[in-house]
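Commentary on secondary and tertiary structure
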Amino acid sequence: MSKHERWNTLLELLAASGKLEVEEAATALDVSAATIRRDLDELAEQQLLIRTRGGAVAHGVSYELPLRYKSTRHAAEKRRIAEAAADLIAPGEVVGLNGGTTTTEVARALALRFASGRADTAGTAGPATSGPALTVVTNALNIAGELAVRPQIKIVTTGGVARPQTYELVGPLTVGVLNEVVLDVVVLGVDGVDPGLGVMAHQEDEASISRLFAERASRVVVVTDSSKMGRRAFARICGLDRIDLLVTDTGIAAETVAELTEAGVKVLTV
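Residues numbered from 1 in each chain as written. Predicted model: local features only at pLDDT ≥ 70, side-chain atom pairs only at ≥ 80, totals over all residues. Heavy atoms only, no water.

1. Notes on the sheet that holds strand β10 (residues 192-194)
If you trace the three strands from one edge of the open sheet to the other, you get β10-β11-β13, paired in antiparallel fashion. On the outer flanks of this sheet lie β10 and β13 (235-238), each paired with one strand and no other. For this sheet, the mean inter-axis angle between neighbouring strands, taken without regard to orientation, is 35°. Here β10 pairs with strand β11 (residues 198-201) via three bridges, running antiparallel. When the bridges of β11 are listed, Val193 appears paired with Val199. (Pairing = 2+ DSSP bridges. Helix = DSSP H or I, 4+ residues; strand = E, 2+ residues; numbered from the N terminus. Axes fitted to C-alpha atoms, helices over the stretch in contact; angles between N-to-C directions.)

The following block contains the structure:
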C-alpha cells in the first residue's frame, strides 16, 4: 500500500469515527505502528487532523475530507451517477455545477458526451445549438480548469474566495455573478440528504452558494452516492420541494426512495 493510499484510508477512518488510535490503525492497514505515527504526524502538519497522545482526532464535529482525498471513495458509483446525470443534459443548455467529487465526475462525463461539439439528442428536448454545444457555470476551480480546454463548451466561472478543501469559490463576489445568470439546470453535489430537512453541506458558505444555484435554475438535479442518504450535515441547502430529480446508486434503501418520492422527488438509481 502506497503512502497516498494509506493517507486516504486513515482519513476515511477518521471521518467515520472522529478519532483514531495508532495501534488500531496499524492493525487495519497491516503496517507498523511507527509507519502510522509518521503518517499521522505528516497529516497533522497539513492540518488534516489533530495529533493526540497515541493517535489523532478530527478537526471539529463536522469533519470534511479535502477533495483530493475524497475522490477515491465510492468512485465506481460516482462515475455511474455522473454518466446518468450527463445524459439528462440537452445540447445548448446552460448548466450549473457546484463543487465536489461527484459533480467533478459529471463535468468529465459532459466533456466526453459533447466531445464532438454535438450530442445525441434522442430523448431530450433542448434549444437549438447555434452557439456552443453547452454552457457550464461553476464556482469550482477544478471543474473550470478541466472544462476550459474544451472548445465546444463555454465555461463561465464565478468570482469569490477559494476554499482549499473543495476548490469552491464562495462569498459576495460569487453571489454577484450568480445573480446575473439564468440556468436551465443545476447539478448539485451534497454532503447529506434527509427526507425531513432536505439536502445539506458541511460548510454554510458553500451551502448558501448551492442554494443560489438552485434558485437560478429551472431544474434541480442532486447527484450523490447512497452513503449520503439519511446523513445530516451542518448547513441546509434547500428542502426537497426544490429538487426535481435525485440520481444515486442502487445502494439506497427502498424506504428512503419511498420517502423521497412521497416528497415529490423523482429518484433515478444506476
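There's plenty left to go through after this.
2. Here's the deal with the pairing of strand β15 (residues 266-269)
Note that strand β14 (residues 245-248) and β15 share four bridges and pair parallel. Among the inter-strand pairings, Leu246 is bridged to a residue of β15, identified as Val267.

3. Structural notes on the pattern of salt bridges
Within the structure shown, the criterion is met by nine salt bridges. The residue Glu146 makes a salt bridge to Arg108 at a minimum N-O spacing of 2.8 Å. Of this pair, Glu146 sits in helix α7 (residues 141-147) while Arg108 is found in helix α6 (residues 101-113), placing the two residues 38 residues apart along the sequence. Put simply, Glu206 and Arg163 hold a salt bridge, and the shortest N to O gap is 2.4 Å. In this pair, Glu206 sits in helix α9 (residues 204-215) while Arg163 sits in the loop between β7 (161-162) and β8 (169-170), placing the two residues 43 residues apart along the sequence. Both residues of the pair, Glu206 and Arg163, count as buried. Where salt bridges share partners, they join Glu105, Arg108 and Glu146 into one cluster. (Salt bridge = Lys/Arg side-chain N within 4 Å of Asp/Glu carboxyl O. Buried < 20%, exposed > 50% of the residue type's maximum accessible area, 1.4 Å probe, protein only.)

4. Here we look at the sheet that holds strand β6 (residues 153-157)
If you walk across this open sheet you meet the seven strands as β6-β5-β4-β9-β12-β14-β15, and the pairing is parallel. The sheet is open, and its two edges are formed by β6 and β15, each paired on a single side. Averaged over neighbouring strand pairs, the angle between their axes works out to 20° when direction is ignored. Pairing analysis gives five bridges linking strand β5 (residues 134-138) to β6, with the strands arranged parallel. Residue pairing across strands places Thr135 opposite Lys154, the latter belonging to β6. Contacts from helix α5 (residues 75-86) reach β12 (217-223), β14 and β15 within the one sheet, and its direction differs from that of β14 by about 145°. (Contact = heavy atoms within 4.5 Å.)

5. Digging into the environment of Lys154
Summarising the element assignment, Lys154 is placed in strand β6. Lys154 sits in the partly exposed class, given a relative accessible area of 47%. Separated by 60 residues in sequence, Lys154 and Val94 have C-alpha atoms that sit 9.2 Å apart. With sequence-adjacent residues up to four places away left out, Lys154 is seen in contact with Pro132, Leu134, Thr135 and Val136.

6. A short note on the nonpolar core
If you look at the biggest cluster of nonpolar residues, it comprises 31 residues, and the most contacted ones within it are Leu183, Val199, Phe213, Ile243, Leu246 and Leu260. Per-element tally for this core: the top contributor is α9, with five residues. Of all hydrophobic cores here, the second largest spans 27 residues; its members include Ala109, Leu134, Val136 and Val247. (Core = buried A, V, L, I, M, F, W, Y, C linked by side-chain atoms within 4.5 Å.)

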